[in-house]
Amino acid sequence: LILGMRSDSEKAGAKFVMFSHVGKIEGDPSHLAALQAGYSGLAFDVGKAERELRKFADANGVAMISSTAQVEAEKDLYFGIDDDHMNAKGYEVVAKALAEDLRKQGLLPVN
């Protein structure tokens, strides 16, 4: 699917890039701690999804951008315990991180 989307994008004259969404379990240590407390015998590998996407991207020459480090460095980016969505601050952090990574990789012009 990803390779098909890349092919269709390039046929249309666009550059293709993918990124993994940083979910609350990866970006909010208190949410992960609450899950681990509720499932004490279960090991959580919160970085696996991005590692697997990165491995796929590298093996297939697909550009990939990330906001994981920036999200992990911030606090209070998600709504309450019953809502896994990012709040406005979270989306601002992600947007800035993705734009920075796009520019660093030469996928967007430097202003």
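All of the points below concern the structure found in this document. (Residues numbered from 1 in each chain as written. Predicted model: local features only at pLDDT ≥ 70, side-chain atom pairs only at ≥ 80, totals over all residues. Heavy atoms only, no water.)

Summing up its helical and strand segments, the chain has six helices and two strands in all. Listing each helix as α and each strand as β along the chain from the N terminus yields α-β-α-α-α-β-α-α. By principal-axis analysis of the C-alpha atoms, the chain measures approximately 50 × 30 × 20 Å. For the chain, buried positions account for 29% of its 111 residues. A sequence separation of at least 24 residues applies to 55% of the contacts in the chain between residues at least 6 apart. For the chain, the exposed surface amounts to about 7300 Å²; the carbon and sulfur share of it is 57%. (Helix = DSSP H or I, 4+ residues; strand = E, 2+ residues; numbered from the N terminus. Buried < 20%, exposed > 50% of the residue type's maximum accessible area, 1.4 Å probe, protein only. Contact = heavy atoms within 4.5 Å. Areas by Shrake-Rupley, 256 points an atom, 1.4 Å probe, with all protein chains shown as cover.)

Now for the environment of Ala 12. Relative to the elements of secondary structure, Ala 12 occurs in the loop between helix H1 (2-11) and strand E1 (17-19). Between the C-alpha atom of Ala 12 and that of Val 93, which follows or precedes it by 81 residues, the distance is 30 Å.

The biggest cluster of nonpolar side chains holds 10 residues, and these are Val 22, Ile 65, Val 71, Leu 77, Tyr 78, Met 86, Val 93, Val 94, Leu 98 and Leu 102. Per element, the largest residue contribution to this core is four residues, and it comes from helix H6 (residues 88-104). Leaving out residues up to four positions away in the same chain, Ile 65 has contacts with Val 17, Met 18, Phe 19, Ser 20, Leu 98, Asp 101, Leu 102 and Gln 105. In terms of nonpolar packing, the next biggest core, distinct from the first, is built from five residues, Met 18, Ala 57, Val 62 and Met 64 among them. (Core = buried A, V, L, I, M, F, W, Y, C linked by side-chain atoms within 4.5 Å.)

What follows is about unusual backbone geometry. Positioned with a positive phi, Asp 76 is a non-glycine residue whose angle comes to about 60°. The residue Asp 76 is located in the loop between helix H5 (68-73) and H6 in this model.

Applying the stated criterion to the full structure yields four salt bridges. Among the salt bridges present, the one from Arg 54 reaches Glu 50, with a minimum N-O distance of 3.9 Å. Here the residue Arg 54 and the residue Glu 50 both occupy positions in helix H4 (residues 48-60), the gap between them amounting to four residues, near one helical turn. The class for Arg 54 is partly exposed, based on a relative accessible area of 30%. For Glu 52, the salt bridge is made with Lys 55, and the minimal N-O distance between the two is 3.5 Å. Remark: Lys 55 and Glu 52 occur in helix H4; sequence separation between them is three residues, near one turn of the helix. (Salt bridge = Lys/Arg side-chain N within 4 Å of Asp/Glu carboxyl O.)

Glancing now at H6. The end-to-end C-alpha separation of H6 is 24 Å, in line with the 24 Å expected for 17 residues at 1.5 Å each. Among all positions of H6, only Gly 90, Val 93, Val 94, Ala 97, Leu 98, Asp 101 and Leu 102 are buried. One face of H6 carries all of its buried residues, which in axial projection span an arc of 160°. Every exposed residue of H6 that faces more than 90 degrees away from the buried side is listed here: Ala 88 and Lys 96. Contacts from the buried residues of H6 go to E1, strand E2 (63-65) and H5. With a side-chain oxygen lying 3.1 Å from the backbone nitrogen of Lys 89, the N-terminal cap of H6 falls on Asn 87. (Expected span 1.5 Å × (residues − 1). Arc of directions from axis to C-beta. Polar contact = N/O pair within 3.5 Å; in protein donor to acceptor, adjacent residues only side chain to side chain.)

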